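Fold and contact review
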Amino acid sequence: MANRPLQLTLNGQSVGPVEVPDDLPMIDYLHEYRNLTGSRLGCGQGICHACVVIVDNPDGTSEEVRTCITGAHFFDGKKVRTIEGHAHRDESGKVTELNPIQQKFVDKFAFQCSYCAPGFVNAATVLVEKLQRQPIKKSQMEQVIEDSLGHHICRCTGYVRYYSATRDVLLDLDLVKEG
Amino acid sequence: MKQLFPRLSLAVALAVPALLAQAADQKQIERGEYLARASDCMACHTAPGGAPFAGGQPIVSPFGTIYGTNITPDKEHGIGQYSDDEFFAAVTQGKRRDGANLYPAMPYTSYHLMSREDSDAIHAYLQTVEPINRAAPVTSLSFPFNVRLGLMGWNMLYGKDVQLAPADGKSEAWKRGQYMVDVLGHCGECHTPRGLPGAMQQDKRLTGGLLNGYLAPSLLADDLAARGWTHQDLSTFLKHGMSAQGTMFNEMFPVFHNSTVGLNDQDLAAMATFLLGDQPPQARTLAAVPTDKLSASAQRGRQHYLNVCAGCHGVEGEGKPHIAVAMQGNTTLRLEDSRNLVRVIEDGIGEQKFAGFEHMQPMPAFADKLSTEQLADLVNYLRQAWGGQPTELAVNQVEQLKADASAEHKAH
């Protein structure tokens, strides 16, 4: 396999160009080249979604992308956020504030072993950002949460608390209108 | 005691023929169940999630949507009042009990050569399924196709068109396969092109047809062999829904569950014998194409493949068991017409469950993920690397295929 240059924006920082193999999966790039080990390799088949990162599109939308089945070069020129990029940090790099989703997941004991948590945080973050652009009616909330988180697998079966925490965040942030 | 024996003898004499008749009936019913499966009656006469044979499956045609009818033994809405004669007329001539013509979505043009014995067996079986007292949705076609009388003319012109190829000098397996493929299986109804009035073009039998925007590929022996099919592969494909050439998908996927999975090995082998012939042509094998021999478009396509396909289909196109099919040897890549390849990439394929624990994971739809240029490059790579199809697709050709796909989505 040949190498080719890869350049992307990772958690707000421009990275590269760096030569990486043309068939390198993104999860391996994050783990082995960037030491960003928060994105989890679960099934390796695109099913469990523990490995998802967020891609910020030029049109202002954001979406989840599975890194276990997507090559690193797919992300060339793109803006990518991983689980390590959500919290606020001080100058020394110490976390000073979690994002609202992370904080609520902690407060509600949403996860147990935490292996799936980065994926759930990213999915719920994408949902929050979507509703910030276009709020929904309260009657739609359960279905919208299901549509956003339903494809993520948690083997500790923490779904009820993940969903409950996400519901609280959407209401706290006033992203759900009466109706 | 003297009196008891004659009484017993009489009882036995009366009971044995009745038991034998019952056993014969049961045998006929079991045979009918098998033949109904071979004829894939379920495909049209069972709605998704609906009661078996209660009708309601929509069949989209260029003339409007036709709904499969209720063929349970219900006397009001089903075929409970049909005699064997009337059932045979419906199946082989498209004649309803009241004398009206059935729409030719009912493949009586293929079934017209079904034997009376087989028709009676299917009828006997259908009389044993649960009667459902519910009318199937009413078919509403645009004029003039909504005039059933007009179908008489259609039948005069096009009906009963399926003529079997001469079987002189063919093996018994070939003859059985012909009956399974051309009559019961009515494979030609999809795999034969249709002319403007919706009738199969008999001079182009099994050369491939279009169905809901997908190509039902040619089943001619030389074409199958050119796409790498062997007798064993075809039998395996029909029995398991998958083989080295890929999986059944789209309209062929329900055919597997409703029909071919339940056919016996002898009949499946016979179907393969008929399709490939008693002396099958040599299946074409393809050598791997080195990257530097690929066109510029295909080389760009290779990187798209590594980016979004290789995670499941393998860097070298080797596939992953129970996850995604191999690209090496894949039959869809070997089709000269790239319609199915473009459609699959655009639409994706839902999770597929096969027999036993076998399944394939869902393939995502890439309609919003790849630009038309990227899609053209990817298709060119797949066709050149593993399809033996060096002809390049231009971006505007892919654009047209995408537009066709979009029109099909709207139609459905």
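Computed from a predicted model, the values in this text were never measured in an experiment. (Residues numbered from 1 in each chain as written. Chains lettered and ligands numbered in written order. Predicted model: local features only at pLDDT ≥ 70, side-chain atom pairs only at ≥ 80, totals over all residues. Heavy atoms only, no water.)

Attention now goes to the overall build of chain A. When you go through chain A residue by residue, the secondary structure sums to five helices and nine strands. Each helix and strand of chain A, placed in order from N terminus to C terminus, yields the pattern β-β-α-β-β-β-β-β-α-α-β-α-α-β. Structurally, chain A occupies a C-alpha span of about 55 × 30 × 30 Å along its principal axes. Evaluated residue by residue, chain A yields a buried proportion of 46% over its 179 residues. The long-range share in chain A, meaning contacts at least 24 apart out of those at least 6 apart in sequence, stands at 59%. Taken as a whole, chain A presents about 8900 Å² of accessible surface, with 49% of it coming from carbon and sulfur. Separation between the mean location of the 19 positive side-chain charges and that of the 23 negative ones in chain A comes to 4 Å. (Helix = DSSP H or I, 4+ residues; strand = E, 2+ residues; numbered from the N terminus. Buried < 20%, exposed > 50% of the residue type's maximum accessible area, 1.4 Å probe, protein only. Contact = heavy atoms within 4.5 Å. Areas by Shrake-Rupley, 256 points an atom, 1.4 Å probe, with all protein chains shown as cover. Lys, Arg positive; Asp, Glu negative; His and termini not counted. Charge placed at Lys NZ, Arg CZ, Asp CG, Glu CD.)

Within chain B, the regular secondary structure consists of 17 helices and nine strands. When each of the 412 residues of chain B is scored for burial, the buried share is 48%. Just so you have it, chain B exposes about 20300 Å², and 58% of that area is on carbon and sulfur atoms.

Now for the domain arrangement of chain B. Interface size is often expressed as the accessible area that is lost when the parts come together. In terms of domains, chain B is made up of domain 1 (24-160), domain 2 (161-285) and domain 3 (291-411). Taking the mean C-alpha position of each, domain 1 of chain B and domain 3 of chain B sit 37 Å from one another. (Domains from an automatic or database assignment.)

All names here are of chain B. Closest axis-to-axis distance for the helix α3 (residues 84-93)/helix α5 (residues 116-126) pair is 9 Å, and the angle between their directions is 110 degrees. Of the possible angle classes, the one that applies to α3 and α5 is roughly perpendicular. In this structure, α3 uses Asp84, Asp85, Phe87 and Phe88 to contact α5, whose residues at the interface are Arg116, Ser119, Asp120, Ile122, His123 and Leu126. For the contact of α3 with α5, a count of residues per class yields four nonpolar, two polar and four charged. (Axes fitted to C-alpha atoms, helices over the stretch in contact; angles between N-to-C directions. Parallel < 35°, antiparallel > 145°, perpendicular 65-115°, else oblique. Nonpolar A, V, L, I, M, F, W, Y, C, P; charged D, E, K, R; others polar.)

Chain A puts 14 residues into the contact, and the matching count from chain B is 15 residues. Summing both partners gives a buried area of about 1100 Å² for chain A against chain B, and 52% of it is carried by carbon and sulfur. Summed over the shared surface of chain A and chain B, the number is one salt bridge. Viewed at the interface, chain B and chain A are joined by six residue pairs in polar contact (both at pLDDT 80 or more). Within the side of chain A that touches chain B, the residues separate by chemical class into four nonpolar, five polar and five charged. (Buried area = accessible area lost by both parts, 1.4 Å probe. Salt bridge = Lys/Arg side-chain N within 4 Å of Asp/Glu carboxyl O. Polar contact = N/O pair within 3.5 Å; in protein donor to acceptor, adjacent residues only side chain to side chain.)

Moving on: the domain arrangement of chain A. Residue and element names in this part refer to chain A. Entries for chain A in the domain assignment read domain 1 (3-85) and domain 2 (93-177). A straight line from the C-alpha centre of domain 1 to that of domain 2 covers 21 Å. Carbon and sulfur atoms supply 52% of the area that domain 1 and domain 2 bury against each other, a total of about 1500 Å² over both sides. Taken together, the connections running from domain 1 to domain 2 amount to one salt bridge.

This brings us to the nonpolar core. Ranked by size, the top nonpolar core spans 94 residues in total, and within it Leu8(A), Tyr29(A), Phe75(A), Tyr305(B), Ile345(B) and Leu382(B) carry the most contacts. Ranked by residue count, the leading element in this core is helix α16 (residues 372-386) of chain B, at eight residues. Leave out the neighbours within four places in its chain, and Leu8(A) touches Gln13(A), Ser14(A), Val15(A), Met26(A), Tyr29(A), Phe75(A), Gly77(A), Lys78(A) and Val80(A). Counting residues in hydrophobic clusters, the runner-up holds 26 residues, among them Ile83(A), Ala123(A), Ile136(A) and Ala165(A). (Core = buried A, V, L, I, M, F, W, Y, C linked by side-chain atoms within 4.5 Å.)

What follows covers the packing of aromatic side chains. For the structure on display, the rule yields 14 aromatic pairs over all chains. Positioned above the aromatic ring of Tyr115(A), the side-chain terminus of Arg40(A) is 5.3 Å from the ring centre. (Phe/Tyr/Trp six-rings, centres within 6.5 Å; stacked < 30°, edge-to-face > 60°. Lys NZ or Arg CZ within 6 Å of the ring centre and 35° of its normal.)

A separate point is the pattern of salt bridges. It is possible for side chains of opposite charge to pair when their charged atoms get near one another. Within the structure shown, the criterion is met by 25 salt bridges over all chains. Asp182(B) serves as the salt-bridge partner of Arg205(B), at 3.0 Å between the closest nitrogen and oxygen. Taken together, the residues Arg205(B) in the loop between α8 (188-191) and β4 (209-211) and Asp182(B) in helix α7 (residues 172-184) connect sequence positions 23 residues apart. Among the residues examined, Arg205(B) registers a relative accessible area of 14% and is labelled buried. In this structure, Arg339(B) engages Asp337(B) in a salt bridge whose closest nitrogen and oxygen atoms are separated by 3.7 Å. Residue Arg339(B) is classed as buried on the basis of its relative accessible area, which comes to 18%. Residues joined by salt bridges that share partners form a network here, namely Asp56(A), Arg81(A) and Glu129(A).

Residues and elements named next belong to chain B. You can see Tyr111 is positioned in helix α4 (residues 108-111). Taking the C-alpha atoms as reference, Tyr111 lies 7.2 Å from His186; in sequence the two are 75 residues apart. Within the structure, Tyr111 has its side chain in polar contact with the backbone oxygen of Ser39 (distance 2.7 Å).

Residues and elements named next belong to chain A. Here we have five strands laid out as an open sheet, ordered β2-β1-β5-β3-β4, and mixed in their pairing. The outermost strands of the open sheet, each flanked by one partner alone, are β2 (13-21) and β4 (62-66). Neighbour-to-neighbour, the strand axes of the sheet open up by a mean angle of 40 degrees, direction not taken into account. By the bridge criterion, seven bridges tie strand β1 (residues 3-10) to β2 in an arrangement that is antiparallel. Within β2, the position partnered with Arg4 by the bridge is Val20. Running over the sheet, helix α1 (residues 26-33) touches β1, β2, β3 (52-56) and β5 (79-81) and is turned about 110 degrees from β2. On the sheet, helix α3 (residues 117-133) packs against β3, β4 and β5 and is oriented at approximately 155 degrees with respect to β4. (Pairing = 2+ DSSP bridges.)

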